[in-house]
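Each chain, written out:
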Amino acid sequence: MAVKHALLALLARGPAGTYQLRKDFESATGTTWPLNIGQVATTLARLERDGLVTRLDPGRPASGSGAPGSATASAASTSAPAATAHSTSHNPSAEPVAAAAAPATASSKTQTLPTASRDVAAWTLTDVGREELARWWASPVARRAPERDELVIKLALATASPDVDVAALIQQQRQATQTVLHEINRARRAAGDEDLATALVLDHHVFTVEAELRWLDDAEGRLARAAAEGRRS
């Protein structure tokens, strides 16, 4: 699981804090791959070390002085005293209204960083980080050597172990895998098609589990043919 690039992709949406990034990741993946907050923090530290992200102070405008509305807010706060003085000279009763309106105008234009309640700082992409993310989007995911699968290893070893009932092992595993498939299908129906990201993730899980069931059926058939021929391994 490419946590590094997943965090870069989330930060491309805008600055966010550590806890917010974990929340956004789990939401984007249908909560099927929960992330430990320590893993998020460690990955962010490595990204910062490599110059891909940088830390922002809490409350700092998301885009610095160039944030949308920052110039308007600055102009409003600068011109407020003058406007107040001008209106007061012609209408003394207008002073409380002008004084109250000026701070509200400035604050309504301020954009602060989106962070979860426990975040004390936020992160944002650097130019180098954006380049790395663009490279990731443009590159296919490399499928190298198959990952170690405990079930595959277990079944392979069982075929060479005379004291193991391989047929019972397969049947037990099939029941467990079918239970998982039912749970995923239930979650998939509950998710619907509105949440496209969650639907894609759960569909992948469904296809993966269904493939495992087909593989178990094939393994059972192979073992039956081997037993008929008088061989086990």
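Structure: see above.
Residues numbered from 1 in each chain as written. Predicted model: local features only at pLDDT ≥ 70, side-chain atom pairs only at ≥ 80, totals over all residues. Heavy atoms only, no water.

**Observations concerning the packing of helix H1 (residues 3-11) against helix H3 (residues 37-49)**
Next up, step 1: At a closest axis distance of 10 Å, the pairing of H1 and H3 adopts a crossing angle of 80 degrees. Considering the angle they form, H1 stands roughly perpendicular to H3. The segment H1 lies against H3, with Val3, Lys4, Leu7, Leu8 and Leu11 engaging Gln39, Val40, Thr43, Leu44 and Leu47. (Axes fitted to C-alpha atoms, helices over the stretch in contact; angles between N-to-C directions. Helix = DSSP H or I, 4+ residues; strand = E, 2+ residues; numbered from the N terminus. Parallel < 35°, antiparallel > 145°, perpendicular 65-115°, else oblique. Contact = heavy atoms within 4.5 Å.)

**Let's talk about the pairing of strand E3 (residues 122-125)**
Next up, step 1: Burial along E3 is two-sided: the residues Ala122 and Thr124 and Trp123 and Leu125 are all buried.
Next up, step 2: As paired elements, strand E2 (residues 53-56) and E3 share 4 bridges and run antiparallel to each other. Looking across to E3, one finds that leucine 56 is bridged to alanine 122. (Buried < 20%, exposed > 50% of the residue type's maximum accessible area, 1.4 Å probe, protein only. Pairing = 2+ DSSP bridges.)

**What to know about the packing of aromatic side chains**
Next up, step 1: Using the criterion set out here, one finds 1 aromatic pair in the structure.
Next up, step 2: Measuring from ring centre to ring centre gives 4.9 Å for tryptophan 136 and tryptophan 137, while their planes differ by 40 degrees; the resulting arrangement is tilted.
Next up, step 3: The class for tryptophan 136 is partly exposed, based on a relative accessible area of 25%. (Phe/Tyr/Trp six-rings, centres within 6.5 Å; stacked < 30°, edge-to-face > 60°.)

**As for the nonpolar core**
Next up, step 1: Of all hydrophobic cores here, the largest spans 19 residues; its most connected members are Leu7, Leu8, Leu11, Leu21, Leu44, Leu47 and Val53.
Next up, step 2: Those elements that provide at least two residues to this core are H1, helix H2 (18-28), H3 and E3.
Next up, step 3: Of all the elements, H1 adds the most residues to this core, at 7 residues.
Next up, step 4: Excluding residues within four positions of it along the chain, leucine 21 makes contact with Leu7, Leu10, Leu11, Ala16, Val40 and Leu44.
Next up, step 5: Judged by nonpolar contacts, the second largest core, of 8 residues, contains Val166, Leu169, Ile170 and Leu216. (Core = buried A, V, L, I, M, F, W, Y, C linked by side-chain atoms within 4.5 Å.)

**Some remarks on the pattern of salt bridges**
Next up, step 1: The final tally for this structure, using the stated rule, is 8 salt bridges.
Next up, step 2: Across the pair glutamate 132 and arginine 135 runs a salt bridge whose closest N-O atoms are separated by 2.7 Å. Here glutamate 132 and its partner arginine 135 are both found in helix H6 (residues 127-138), 3 residues apart, which amounts to about one turn of the helix.
Next up, step 3: Arginine 135 sits in the partly exposed class, given a relative accessible area of 42%.
Next up, step 4: Note that aspartate 218 is salt-bridged to arginine 222, the shortest N-O span being 3.0 Å. One end of the pair is aspartate 218 and the other is arginine 222, both in helix H9 (residues 196-228) and 4 residues apart, which spans about a single turn.
Next up, step 5: Judged by its relative accessible area of 39%, aspartate 218 falls in the partly exposed class.
Next up, step 6: What emerges from the salt-bridge pattern is a single network uniting Arg174, Asp217 and Glu220. (Salt bridge = Lys/Arg side-chain N within 4 Å of Asp/Glu carboxyl O.)

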